[in-house]
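Survey of secondary and tertiary structure
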Amino acid sequence: MGRPMRMRRQATLASLAAELGVSRTTVSNAYNRPDQLSPELRRRVLETARRLGYPGPDPVARSLRTRKAGAVGLLLTENLSYAFRDPAAIGVLEGLALACEDAGVGLHLVPASPGRDDVAAVHRAGVDGFVVYSVPDDDPHLAAVLARPVPTVIIDQPQVDGLDRVGPDDASAITKLAEHLVGLGHRQVGVLCMRLARDRNDDFASLERQRTAHFHVQRTRLEALATAFGKAGVDWATVPVVERFDHTVDEGASAARQLLGAYPQVTALICTSDILALGALAEAERRGLRVPADLTVTGFDGIAEAERLGLTTVHQPVLEKGRAAGKLLLASGDHVNPRVITLDTDLRIGTTSAPPRTMEEHWFGP
């Protein structure tokens with residue numbers, strides 16, 4: 001056997017300083033406070049560090065010394081892949097990343113799969129604060145975040161006393177959509193909504209489940225729809241609402257299939273997200289229903305694919321939502337009252353909404 005290879009000992013801050021004949025503070029400043037050194041001295045420190053194999057100051061030791069992690073934690077109670085798959089979540093993530101870039105800090109994703117109560121990921125996260133993105137008010141991961149002595153900003157939901165929050169006025173936004181449908185003459189409507197609680201319910205949602213929903217964005221939208229259609233003489237107890245736990249186009253299609261199978265007389269499907277609406281459009285096509293002649297379909301979010309298809313929807317600035325939350329967190333400072341940023345929304349009338357079919361059109365039309 002050959003002689004074992006000798007591994008060169010990794011250079012340290014002290015050995016690098018000795019090699020250069022400078023203080024350890026000078027070496028540290030080359031990495032952490034470059035404005036304190038002349039360009040020539042900093043270049044010499046970094047070149048010598050590369051030659052000796054010095055990797056830079058230990059980030060763990062630095063965080064222990066400064067009590068700063070240099071990162072923002074994003075808590076979302078979904079699988080990690082959701083942040084890179086859902087168009088609205090991608091926009092929020094991009095906006096938050098832009099705010100972090102501007103501040104020179106990192107972004108640490110803290111996924112919490114739905115249905116799991118293990119909050120260890122929250123406890124382990126080395127972050128200086130949290131942005132909590134759209135979680136139910138009874139989520140244990142939220143409780144774990146709030147137990148940590150770091151600033152927290154909420155995006156969308158829940159509403160927590162004393163915490164900063166960013167989001168649209170959901171009630172006002174969806175009321176405008178409902179008034180649009182009422183104005184067109186729709187009275188026989190159905191709703192496809194995102195999950196209302198942590199337990200799975202891929203079925204019709206009772207009035208009690210709607211009223212006690214732990215995802216307050218969905219609860220608020222349903223309450224606003226009930227009020228708007230109630231003013232038009234529609235008893236909300238007669239309006240079918242189908243809930244889906246997973247937020248995918250396929251689940252939107254299956255929800256539309258379930259609702260239209262039980263209530264074929266429905267003339268409009270109101271979806272609480274564009275993703276569900278895209279699924280509803282696919283199911284309408286599968287059934288041979290003309291949109292909007294036979295069936296009106298609406299959404300909420302204003303994602304690119306919805307715009308491409310001409311979906312009637314509420315557009316909200318998801319990128320600005322993430323950026324605003326990041327700025328709030330990174331400029332947390334001392335403030336007496338919680339700060340709330342209410343983002344503007346825009347009702348965009350597309351090609352998927354029209355007056356309801358008449359009985360004659362339904363039976364004898366082309």
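Below is a short write-up of the structure. (Residues numbered from 1 in each chain as written. Predicted model: local features only at pLDDT ≥ 70, side-chain atom pairs only at ≥ 80, totals over all residues. Heavy atoms only, no water.)

A look at the overall build of the protein chain
Counting its regular elements, the protein chain contains 15 helices and twelve strands. Long-range pairs, those at least 24 residues apart, make up 71% of the contacts in the protein chain with a sequence separation of at least 6. Total accessible area computed for the protein chain in this model is approximately 18,300 Å², and 52% of it derives from carbon and sulfur atoms. (Helix = DSSP H or I, 4+ residues; strand = E, 2+ residues; numbered from the N terminus. Contact = heavy atoms within 4.5 Å. Areas by Shrake-Rupley, 256 points an atom, 1.4 Å probe, with all protein chains shown as cover.)

Here's the deal with helix 8 (residues 170-184)
With 15 residues, helix 8 should cover 21 Å at 1.5 Å per step; its first-to-last C-alpha distance of 22 Å lies within 8% of that length. Of all the residues in helix 8, the buried ones are D170, A173, I174, L177, A178, H180, L181 and V182. Lining the buried residues of helix 8 we find strand 5 (164-168), helix 10 (216-231), strand 8 (268-271), strand 9 (296-301), strand 10 (312-315) and strand 12 (346-348). (Expected span 1.5 Å × (residues − 1). Buried < 20%, exposed > 50% of the residue type's maximum accessible area, 1.4 Å probe, protein only.)

Here we look at the nonpolar core
Counting 25 residues, the largest nonpolar core has V191, L225, F229, W236, V241 and I270 as its most contacted members. The set of elements that each furnish at least two residues to this core consists of helix 8, strand 6 (189-194), helix 10 and strand 8. Of all the elements, helix 8 adds the most residues to this core, at six residues. Once residues lying within four places of it in the same chain are set aside, the contact partners of I270 are L177, L181, V189, G190, V191, L192, L225, F229 and T298. Of all hydrophobic cores here, the second largest spans 22 residues; its members include L74, A88, L93 and L96. (Core = buried A, V, L, I, M, F, W, Y, C linked by side-chain atoms within 4.5 Å.)

Concerning the sheet that holds strand 1 (residues 71-76)
Taking strand neighbours across the sheet as the criterion, the six strands line up as 2-1-3-4-5-11 in an open arrangement whose pairing is parallel. The strands lining the two open edges of the sheet, one partner per strand, are strand 2 (106-111) and strand 11 (340-343). Here the average twist between neighbouring strands, direction ignored, is 20°. Where strand 1 meets strand 3 (residues 130-133), four bridges bridge the pair, whose relative direction is parallel. (Pairing = 2+ DSSP bridges. Axes fitted to C-alpha atoms, helices over the stretch in contact; angles between N-to-C directions.)

Overview of the side chain of D156
Position of D156 among the secondary structure elements: in the loop between strand 4 (152-155) and strand 5. One polar contact links D156 to K321, side chain to side chain, over a distance of 2.9 Å. (Polar contact = N/O pair within 3.5 Å; in protein donor to acceptor, adjacent residues only side chain to side chain.)

Thoughts on helix 5 (residues 87-103)
Over its 17 residues, helix 5 runs 25 Å from end to end, which matches the ideal 24 Å to within 8%, given 1.5 Å per residue. Buried within helix 5 are the following residues: A88, A89, G91, V92, L93, G95, L96, A99 and C100. Contact partners of the buried residues in helix 5: strand 1, strand 2, strand 3, strand 4, strand 9 and helix 14 (318-330). One side-chain oxygen at the N-terminal end of helix 5 lies 3.2 Å from the backbone nitrogen of A88; it belongs to D86. Backbone geometry just after helix 5 places G104 at a positive phi near 70°.

By themselves these figures say nothing about function.
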